[in-house]
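Results of the structural survey
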Amino acid sequence: MDHHHDGGENDYMQQEDDWDRDLLLDPAWEKQQRKTFTAWCNSHLRKAGTQIENIEEDFRDGLKLMLLLEVISGERLAKPERGKMRVHKISNVNKALDFIASKGVKLVSIGAEEIVDGNAKMTLGMIWTIILRFAIQDISVEETSAKEGLLLWCQRKTAPYKNVNIQNFHISWKDGLGFCALIHRHRPELIDYGKLRKDDPMTNLNTAFDVAEKYLDIPKMLDAEDVISTLRPDEKAVMTYVSCYYHAFSGKQKAETAANRICKVLAVNQENEQLMEDYEKLASDLLEWIRRTIPWLENRTPEKTMAAMQQKLEDFRDYRRLHKPPKVQEKCQLEINFNTLQTKLRLSNRPAFMPSEGRMVSDICNAWGRLEGAEKGYEEWLLNEIRRLERLDHLAEKFRQKAAIHEAWTEGKEDMLQQKDYETASLSEIKALLKKHEAFESDLAAHQDRVEQIAAIAQELNELDYYDSPSVNARCQRICDEWDALGGLTQKRSEALQRTEKLLETIDQLYLEFAKRAAPFNNWMEGAMEDLQDTFIVHTIEEIQGLSTAHEQFKATLPEADKERQAILGIHNEIAKIVQTYHVNMAGTNPYTTINPQEINAKWDKVRQLVPQRDQALIEEHARQQNNERLRKQFASQANVIGPWIQTKMEEIGRISIEMHGTLEDQLTHLRQYEKSIVNYKPKIDQLEGDHQLIQEALIFDNKHTNYTMEHIRVGWEQLLTTIARTINEIENQILTRDAKGISQDQMNEFRASFNHFDRKRTGMMDREDFRACLISMGYNLGEAEFARIMSIVDPNRLGVITFQAFIDFMSRETADTDTADQVMASFKVLAGDKNYILADELRRELPPDQAEYCIARMAPYTGPDAVPGALDYMSFSTALYGESDL
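First things first, this report covers the structure right here in the doc. Worth saying up front: this structure is predicted, and the values here are computed from it rather than measured. (Residues numbered from 1 in each chain as written. Predicted model: local features only at pLDDT ≥ 70, side-chain atom pairs only at ≥ 80, totals over all residues. Heavy atoms only, no water.)

**Observations regarding the overall build of the chain**
Each helix and strand in the chain was counted, giving 29 helices and six strands. A compact globule built from 887 residues should have a C-alpha radius of gyration of about 29 Å, whereas the chain, at 89 Å, is more than 25% larger. Taking the principal axes of its C-alpha atoms as reference, the chain extends roughly 240 × 125 × 45 Å. The long-range fraction of contacts in the chain, counting pairs at least 24 apart against all pairs at least 6 apart in sequence, stands at 72%. For the chain, the computed accessible surface area is about 49700 Å², with 52% contributed by carbon and sulfur atoms. (Helix = DSSP H or I, 4+ residues; strand = E, 2+ residues; numbered from the N terminus. Rg over C-alpha atoms; globule rule 2.2 N^0.38 Å. Contact = heavy atoms within 4.5 Å. Areas by Shrake-Rupley, 256 points an atom, 1.4 Å probe, with all protein chains shown as cover.)

Given below as C-alpha cells:
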C-alpha cells in the first residue's frame, strides 16, 4: 500500500515525517501500538459502557468504531446498519470514515474493505489517524500545535527537573523520569520524586503508570518492559499515552480557571470594600491626631531657663523626627490608596467612591495645612526664645569668665604695690623695680578695657532682666572698687620709687666721685710708701744728693696731698649725711671702689711716719758716701804714681835688651842694678794693697779718680819681676853661647841687628813669616820641607814664634865649628882601639864613673859580624845623642 500525502491544507499527516508503513512491520512497535491503541479506545468506550478485546477484530463490523467516534466527538453519527453481512459492515465502516473525513482529515489509502477484512496494519493506521485528530491536533501551546505543541508542553512542564530532558517521543521517555516529572509537577503529593533514580527505569515507569491509573483515571497503555527492551520505543504509542496526561491535567486547569474567575470578581469587590474601610479609618485617625497636635504647637508660654526651652525644642525635634514622619507617610498613603481605589473601581466598572462627610482628601489637606502653619510659627518662636536665653546665658558666662580672669589677675596685686622693697634696694635694683613698675602700669592700663567690658556686660544683663542680676551687680561693684584702689596704690608706689631713685643716684654720683679721686690718691700714697721704703744703692755723692733733693721735693707736696685727703673724706661724710637724713638703706658698699676712708687714713699715717725715717737713712748714706770718696782719692793718688813707674821700668828693660849698648857683661851689670831698684819698690805695692783692702770692705766698685785697678797694678808688678829675671837669664845664655861657639861681640851685634830688623811687631820674637823672610835675606834657598826642618830645630815646642836665643843657637850652628855626631863617633872609636864596638870595661877605664854608666845603660848590644860577647854599639848611640838634641 502506497502511502503518499496529497498535499491538502489540513494534511496533519505531514507532521508524521517518520511515520512510514514499512516501520509498522517492526513487530515490537506493532505490539506496543496494539496495546496502547486498545487501551486508549477502551478509555473512551467505557464511557458508553463497552470495550474492545482485539483491535483488528472488534472494529470489523463498524459499530464500535462509530460508537468510539461519537464518544470522542460528542456528536451523533448516522444511524448504523444492524445487519451481519459484509456489505452492512462496509457501510458502517464507511460512515465512520466519512465522519473522520468530515473533520478535515484526508484518509490516504485506508479503505473500508481492509478494515472489515481485519487488516491489522490498516486498522492501527486508522486508529492512529483518529487519535491524531481528536486527541492531539487541538493541543495548542504558544503558537505551536499538535505534536510540536505536545512536545513543547512536556518540555515546559519538566523544565525544573534537571535529570529530565524531553527532546522527542521515543528515547527521551525510556528512563520513566519524564512521566514521573509530569505527574509530580501537577500533583507533587502523588510521587516522592526525590527518591527516584535515573538508573532504575523499571521502578520509575511502573510508578508513573500505577499512579496515573489509580489517581488520574488514565489506563495503562504502555508496558514498562517493552519500553525498556525496545531500542527506540514506538513514538505513536508514547504520544498517545502522553496526550492522555495532557488532557487529564489541562482539563483540571479549566475547572480551576472557572473557579478562579468567580473568586477574582468577588476578591475585587472585597478588596474595594476593604480599601474604603481603610480609607475611612486612616482619615479619621489622621484628622484626630491633627486636632490634638495643633493646640500643642500653638502654645507660646515661654520658659525661664535655657534647659527648659531646650527640652521644648527637643520635644519639637522628636515630633519632627519621630511623630510627624509616620503621619506624613499615612497622609501620603491615604492619597495613594484613594487614587488606587478610584482607579480600581473605574477599571472594574464600579461606581466611584465617595468618603463620608468631612473626610474628603481636601478636608485632610486643609487640616494638614493648618498643622504646618502652627508648626512653622512654633519653631520660629522656640528658636527666638532660645536665642534670647542663649544671649543671656552667653552674657552671664562671659561676665563670669571675664570677672574670674580679672580677679585672678588682681590677686595679690595690692600686697605687691604696698611692698617697701625699694627701701633696701641698690640703685641698679631700684632701676629694675622702676622698669618692672612701668611694665605693671602699662599692664594695668591694658586691663582698663576689661573692667569697662565687665561693667558693660553687667549693664546689659540688667537691661535684659537677667534673673541673677543682684549677684552680678555686687561682683561688678567689688571689681570696680578694687580697680580704683589699685590705681591709687600704683601712683603712690611710683612716687616712692622715683624719690628713692633720685636719692640713690645722688649717692651713686658721690660714690663715683669718691672712687675717681680716691683711686689716684690711693695710688699716690702707695707709690709714696713704696718710694719711702725703697732700699737704695748709691755709689757717689752726686747720687745721694739727687735722692735727697727728690725727697725734699716730695715733702713739699704733702700739704697739698693732705688737702686732697680732706676733700675725699668730705665726699664720704656727705654720703653719710644723706643716708642719715633720708633713711636710705645703703645696701652694700661703694660699687666703684674697694678703697674706704679708714684705709686712706691708715695709709696717710704710714706715709707721715715713713718721711722722717727716710730723712735719717739719707743722712747716714750721705756720710758713708763721703767716707768712700776719701778712700777712693787715697787709693788713686798712689795708684796714679805706681802704675806709670812700672810702665817706665818695663820699657827701659826692653830697650836694654834690644839696643845692646856695650858688652854683654856691661848689659848684665846694668840689668842687675835695675833688679835691685825694683825689689826696693815692694813696700809701696804693699801699702797700695792695704788701701785696696779698705775699698773692698767698703764695697766700692768704681773709682773715677784713677784708671788703675789693683788687678792692673798686680799684673804689671808680676810682669816686671818676670821680665827683669828673664832678660838677665837671656844675657847669661848669650854669654854661654858666645863662649861655647866662639862668637865675637861683633857677630853677636850683627845677629841682634838682623833679629831686630825682622822682629817687625817689636815683640822681641819673630813669627814664622818674619823668620822665613830673614832666612831668605841670608841667602837660603828654601823649599817647604827644608823650612819645616829648620822650624823643628828653632821652634821645637811648635809655639809659632822664634826667640832671640833660638835664633842665636841656629845662627851659631851654621857658622861656628861645633861638635857633631861624626866627631863623637870618631872619639869613641879611638877609645875602642879602632874596633866597631866597645866593651863596658873599656868605657869604665876611660870615662868618669857616672858618664861611663850613662853610656853603658843606653848603648844597644852590637850585632855586627865581628861581634863578641858584651860588645856595645857606640855608633847608633852617638847618632842618637844628636838626634835627641835636634828633635
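So, next bit.
**Overview of helix H9 (residues 201-215)**
Compared with the 21 Å implied by 1.5 Å per residue over 15 residues, the 21 Å span of H9 between its first and last C-alpha is a close match. Along H9, the positions that sit buried rather than exposed are Asn204, Leu205, Ala208, Phe209, Val211 and Ala212. Down the axis of H9, the buried side of the element spans an arc of 165°, and every buried residue falls inside it. (Expected span 1.5 Å × (residues − 1). Buried < 20%, exposed > 50% of the residue type's maximum accessible area, 1.4 Å probe, protein only. Arc of directions from axis to C-beta.)

**Some remarks on helix H3 (residues 63-73)**
What H3 keeps buried is the set Leu65, Met66, Leu68, Leu69, Glu70, Ile72 and Ser73. Directly after H3, the chain includes Gly74, whose backbone phi takes a positive value near 75°.

**Examining the pattern of salt bridges**
Counted by the stated rule, this structure contains 60 salt bridges. With a closest N to O distance of 2.5 Å, Lys324 and Glu372 form a salt bridge. One end of the pair, Lys324, is in helix H12 (residues 306-347); the other, Glu372, is in helix H13 (residues 361-410), with 48 residues separating them in the sequence. The buried category is assigned to Lys324, whose relative accessible area is 9%. For Glu372, a relative accessible area of 34% translates into the label partly exposed. Between Lys603 and Glu526 there is a salt bridge whose closest N-O contact spans 2.6 Å. In this pair, Lys603 sits in helix H18 (residues 597-659) while Glu526 sits in helix H16 (residues 469-533), placing the two residues 77 residues apart along the sequence. Exposure remark for Lys603: the relative accessible area of 12% places this residue in the buried category. Overlapping salt bridges, with partners in common, bring together Arg320, Lys324, Glu372, Glu375 and Glu379 in one network. (Salt bridge = Lys/Arg side-chain N within 4 Å of Asp/Glu carboxyl O.)

**Considering the environment of Ala698**
Here Ala698 shows up in the loop between helix H20 (682-697) and helix H21 (710-741). Counting along the chain gives 54 residues from Ala698 to Pro644, while the straight-line C-alpha distance between them is 26 Å. Beyond its immediate sequence surroundings of up to four residues, Ala698 is in contact with Arg624, Asn628 and Leu631.

**Notes on the packing of aromatic side chains**
The geometry of two aromatic rings is summed up by the distance between their centres and the angle between their planes. Enumeration over the complete set of coordinates arrives at 34 aromatic pairs. Each residue in the set Phe169, Trp173, Phe179, Phe209, Tyr241, Tyr245 and Phe249 is aromatic and connected to the rest through ring pairs, giving one cluster. Against the face of Phe134 rests Arg133, its NZ or CZ located 5.1 Å from the ring centre. Here the guanidinium or amino end of Arg772 rests over the ring plane of Phe787, the centre of that ring lying 4.3 Å away. (Phe/Tyr/Trp six-rings, centres within 6.5 Å; stacked < 30°, edge-to-face > 60°. Lys NZ or Arg CZ within 6 Å of the ring centre and 35° of its normal.)

**Some remarks on the environment of Phe536**
Within the fold, Phe536 resides in the loop between H16 and helix H17 (541-582). With relative accessibility at 21%, the residue Phe536 sits in the partly exposed group. Other than its neighbours up to four places away in sequence, Phe536 contacts Ile544, Leu547, Arg614, Ala617, Leu618 and Glu621.

**Observations regarding the nonpolar core**
Grouped together as the largest cluster of nonpolar side chains are 79 residues, with contacts concentrated most on Ile130, Phe179 and Tyr245. Element by element, the count of residues in this core is highest for helix H6 (residues 120-136), at eleven residues. Not counting residues up to four positions away in its chain, the partners in contact with Ile130 are Trp40, Leu65, Leu69, Ile72, Ile100 and Ala135. The next biggest cluster of nonpolar side chains, apart from the first, holds 48 residues, and it includes Ile642, Ile790, Ile802 and Phe810. (Core = buried A, V, L, I, M, F, W, Y, C linked by side-chain atoms within 4.5 Å.)

**Thoughts on the packing of H13 against helix H15 (residues 427-463)**
Running from N to C, H13 and H15 point in directions that differ by 150°, and their axes come no closer than 10 Å. By the criterion of interaxial angle, the relationship of H13 to H15 is roughly antiparallel. Crossing geometry of H13 relative to H15 is assigned as left-handed. Across the interface between the two elements, Arg391, Leu392, Leu395, Ala396, Lys398, Phe399, Lys402, Ala403, Ile405, His406 and Trp409 from H13 touch Phe440, Asp443, Leu444, His447, Arg450, Val451, Gln453, Ile454, Ile457, Ala458, Glu460 and Leu461 from H15. Each residue belonging to the contact of H13 with H15 can be placed in one class, and the counts come to 14 nonpolar, three polar and six charged. (Axes fitted to C-alpha atoms, helices over the stretch in contact; angles between N-to-C directions. Parallel < 35°, antiparallel > 145°, perpendicular 65-115°, else oblique. Left-handed = near helix turned anticlockwise from the far one by under 90°. Nonpolar A, V, L, I, M, F, W, Y, C, P; charged D, E, K, R; others polar.)

**As for unusual backbone geometry**
Backbone geometry at Asp217 places phi at a positive 60°, although glycine is not the residue there. Within the secondary structure layout, Asp217 lies in the loop between H9 and helix H10 (224-229). Accessibility expressed as a relative area gives 54% for Asp217, which makes it exposed. Residues other than glycine seldom take positive phi values, yet Arg798 does so here, at roughly 55°. Position of Arg798 among the secondary structure elements: in the loop between helix H24 (784-794) and strand E4 (801-803). The exposure class assigned to Arg798 is exposed, which follows from its relative accessible area of 75%.

**Quick notes on the packing of H16 against H17**
Direction vectors running N to C along H16 and H17 enclose 155°, while the axes themselves pass 10 Å from each other. Classed by the angle they form, the pair H16 and H17 counts as roughly antiparallel. With respect to the hand of their crossing, H16 and H17 are arranged in left-handed fashion.

**Description of the side chain of Thr723**
Summarising the element assignment, Thr723 is placed in helix H21. Once you skip the residues sitting within four places of it in the chain, Thr723 turns out to touch Met650 and Ile653.

**What to know about the state of the cysteines**
This model, assessed by the stated rule, comprises zero disulfides. Unpaired in terms of disulfides, Cys180 finds its nearest cysteine sulfur in Cys154, a separation of 14 Å. Unpaired in terms of disulfides, Cys476 finds its nearest cysteine sulfur in Cys480, a separation of 4.3 Å. (Disulfide = S-S within 2.5 Å.)

**Some points on the side chain of Glu375**
When you line up the elements, Glu375 lands in helix H13. Residue class for Glu375 comes out buried when judged on its relative accessible area of 5%. When residues no more than four places from it in sequence are discounted, the contact partners of Glu375 are Leu297, Phe316, Tyr319, Arg320 and Lys324.

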